[in-house]
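# Structural overview for review
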Amino acid sequence: MVRFGLALALLGLAATGSQVSGAASAAAAPVAVAAISGPVPVTAETGESYRGSNEQPVAGPGLPMPDLERVGYVQEEYVVSGTVDGRPYRTSMLVRKPKDMTRFSGLVGVETIHASGAIPFWGVGREVWAPGGHAWVAVASQRAALEDRVKKFNPARYAALSVPEAASGENGMSASPQDRISQAIMTQVGALLKSNPANGPFAGSPVRYLLMGGSSQTGGTTLRYIEQSHAAARLPDGKPIYDGYLPSEAFATTRISGGDAAVIHAVGEGDFGLFRLGNPAVRFSVREDSDAADDRFREFEFAGASHVPTRGQTKNGHPGEYPSQFPTMPFYKMALLHLIDWVTKGTVPPRAPRLEQDAAGDFLRDGHGNVKGGIRSPWVDVPTARIIASPPLDPDGNRSRAQQGIQENFSRDQLVRLYGTREAYLARFDASIDRVVTDRWITAADGAKLKAEEAAKPPF
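What counts, and at which threshold
Residues numbered from 1 in each chain as written. Predicted model: local features only at pLDDT ≥ 70, side-chain atom pairs only at ≥ 80, totals over all residues. Heavy atoms only, no water. Pairing = 2+ DSSP bridges. Helix = DSSP H or I, 4+ residues; strand = E, 2+ residues; numbered from the N terminus. Axes fitted to C-alpha atoms, helices over the stretch in contact; angles between N-to-C directions. Contact = heavy atoms within 4.5 Å. Parallel < 35°, antiparallel > 145°, perpendicular 65-115°, else oblique. Left-handed = near helix turned anticlockwise from the far one by under 90°. Nonpolar A, V, L, I, M, F, W, Y, C, P; charged D, E, K, R; others polar. Phe/Tyr/Trp six-rings, centres within 6.5 Å; stacked < 30°, edge-to-face > 60°. Buried < 20%, exposed > 50% of the residue type's maximum accessible area, 1.4 Å probe, protein only. Lys NZ or Arg CZ within 6 Å of the ring centre and 35° of its normal. Salt bridge = Lys/Arg side-chain N within 4 Å of Asp/Glu carboxyl O.

### What to know about the sheet that holds strand β2 (residues 73-84)
The sheet built from ten strands is open, its strands ordered β1-β2-β3-β5-β4-β6-β7-β8-β10-β9 with mixed pairing. The open sheet is flanked by β1 (35-37) and β9 (290-292), the only strands paired with a single partner. The sheet shows a mean angle of 20° between the axes of neighbouring strands, direction not considered. Note that strand β3 (residues 87-98) and strand β5 (residues 135-139) share four bridges and pair antiparallel. Within the sheet, the bridge partner assigned to V95 lies in β5 and is V137. Sitting on the sheet, helix α9 (residues 328-345) touches β4 (107-112), β6 (209-215), β7 (244-248), β8 (262-268), β9 and β10 (295-302), and the angle it makes with β8 is about 170°.

Here it is, written out as structure tokens:
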């Protein structure tokens, strides 16, 4: 089902400390700025621009065009170009921004298109960018994404685009020389966006903040960018090109630090199990939180969240299994809101407990089989099911099952023993949601929506 599943055990692992120190030593070196042309029109001859295979890191048939007009936004596509190690690149930069640029906040979320074609940073932020007046940019900086997704979507429109291939050959899924080429392109495009060229998408409206983010494969590319490129990615005045990072659903093997950029590392319970498949000895660098000016960091670990959200689904292709109904997106959305406020206003995010693990790295569980610790919610504190956030592999070794959580629903008798009546259950559910909102893990609007959805379910 998912191309990147073949390399999931390693795709998110970041670089070694020696590479970090190498980047830091080059911090004073000048940064090249990408050139830009466009916007490229959408006509009967040129056809439509690429808009992602999915908002989540799952290969799909292609996203419909979002209703940007409804929220007062427009989409434009530009061609960005430059050189990496003396070799030219020419690739796509998709932009979504307010139609009325007096609404523009000065903040832009930037992501590299997922190797499987997804645009998860848009997905997690689709209810954040427009209400805040922020812009969003997707760059086809990964050769795998450009060749296998973007160009195949519209061969005529993108025939002249190219990203150089690393001398050692391409590996679009994990850490590799090819990944370093993508990082260089992201640095040059970031420098372009903050330079505000007259022919660019934000001319006359200064870009003050850039955030980089991604999920799964692009969560891994974001982690490696922090470690390998952030220190050297500087504007002429020495300030960072990227001001904050939201790497999610991926892990580093070294201590994550953005230096003078804020970092929120967000992962779900299921990500731990998924990335340990086939290698249970793997340990992830789960570091302490920090508010230091040169080391702003938060670790958010969501109890019950699987790698791929399945809320709203009623079947997953495996007889007898019921997809997890854990509401992943409100939690990741709030993580993005926290990052934006930390970078733009200095508002310090809350600190979260870690998921509880034993010495072997296995999770500790309560009497219902749900994980202990982490960021809590009614789905684990007022449960109606046991959530298995990362199920075992299929007998044939297919990893797709392990990416999608399942739940074992309690019987009616169990629910009556636990809560007595449905009214009593809903009262406890609502109280738990209120705590989640008060603790700033989801918005009040999302809390009200989740309460309404739970109340609308058939009574037990």
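### Regarding the pairing of strand β13 (residues 406-409)
Alignment of strand β11 (residues 322-323) against β13, held across two bridges, turns out to be antiparallel. Directly across from Y322, in β13, lies its bridge partner Q407. In this structure, strand β12 (residues 385-388) lies alongside β13, joined through four bridges in antiparallel fashion. Following the sheet pairing, I387 is matched in β13 by Q407.

### Observations regarding the packing of helix α13 (residues 422-438) against helix α14 (residues 444-455)
Where α13 meets α14, the closest approach of the two axes is 10 Å, and the angle between their N-to-C directions is 165°. What the angle tells us is that α13 and α14 run roughly antiparallel. At the point where α13 passes α14, the crossing takes the right-handed sense. Two secondary-structure elements touch here, α13 through R422, Y425, L426, F429, D430, I433, D434 and V437 and α14 through A444, G447, L450, K451, E454 and A455. Considering only residue class, the contact of α13 with α14 consists of eight nonpolar, one polar and five charged.

### Remarks on the sheet that holds β13
In any sheet, the strands associate via hydrogen bonds between backbone groups, in a parallel or an antiparallel arrangement. Read across the open sheet, the three strands follow the order β11-β13-β12; overall the sheet is antiparallel. Because the sheet does not close on itself, it has two edges, and the strands there are β11 and β12.

### Overview of the packing of aromatic side chains
One pair of aromatic rings is described through two measures. These are the centre distance and the angle between the planes. With the rule as written, the count across this model stands at 19 aromatic pairs. With centroids separated by 4.9 Å and ring planes inclined at 65°, the aromatic side chains of F302 and Y332 adopt a geometry described as edge-to-face. With F302 in strand β10 and Y332 in helix α9, this pair connects stretches of sequence that are 30 residues apart. A relative accessible area of 1% means that F302 is categorised as buried. According to the relative accessible area criterion, Y332 is buried, its value standing at 4%. Through a chain of ring-to-ring contacts, three or more aromatic side chains come together here, namely F302, F326, F331, Y332, W379, Y419, Y425, F429 and F460. Positioned above the aromatic ring of W122 is the side chain of R96, whose terminal nitrogen or guanidinium carbon lies 4.6 Å from the ring centre.

### Quick word on the pattern of salt bridges
Scanning all chains against the criterion turns up 29 salt bridges. Residues D179 and R224 are paired through a salt bridge, measuring 2.8 Å at the closest nitrogen-oxygen approach. Of this pair, D179 sits in helix α6 (residues 177-195) while R224 sits in helix α7 (residues 217-228), placing them 45 residues apart in sequence. The exposure class assigned to D179 is buried, which follows from its relative accessible area of 5%. D434 is the salt-bridge partner of K451, the closest N and O atoms lying 2.6 Å from each other. Of this pair, K451 sits in helix α14 while D434 sits in helix α13, and the two are 17 residues apart along the sequence. Relative accessible area serves as the criterion here: at 37%, D434 is assigned to the partly exposed category. Put simply, R255, R287, E288 and D295 are held in one network by salt bridges that share partners.

No statement about biological role is implied by the geometric values presented.
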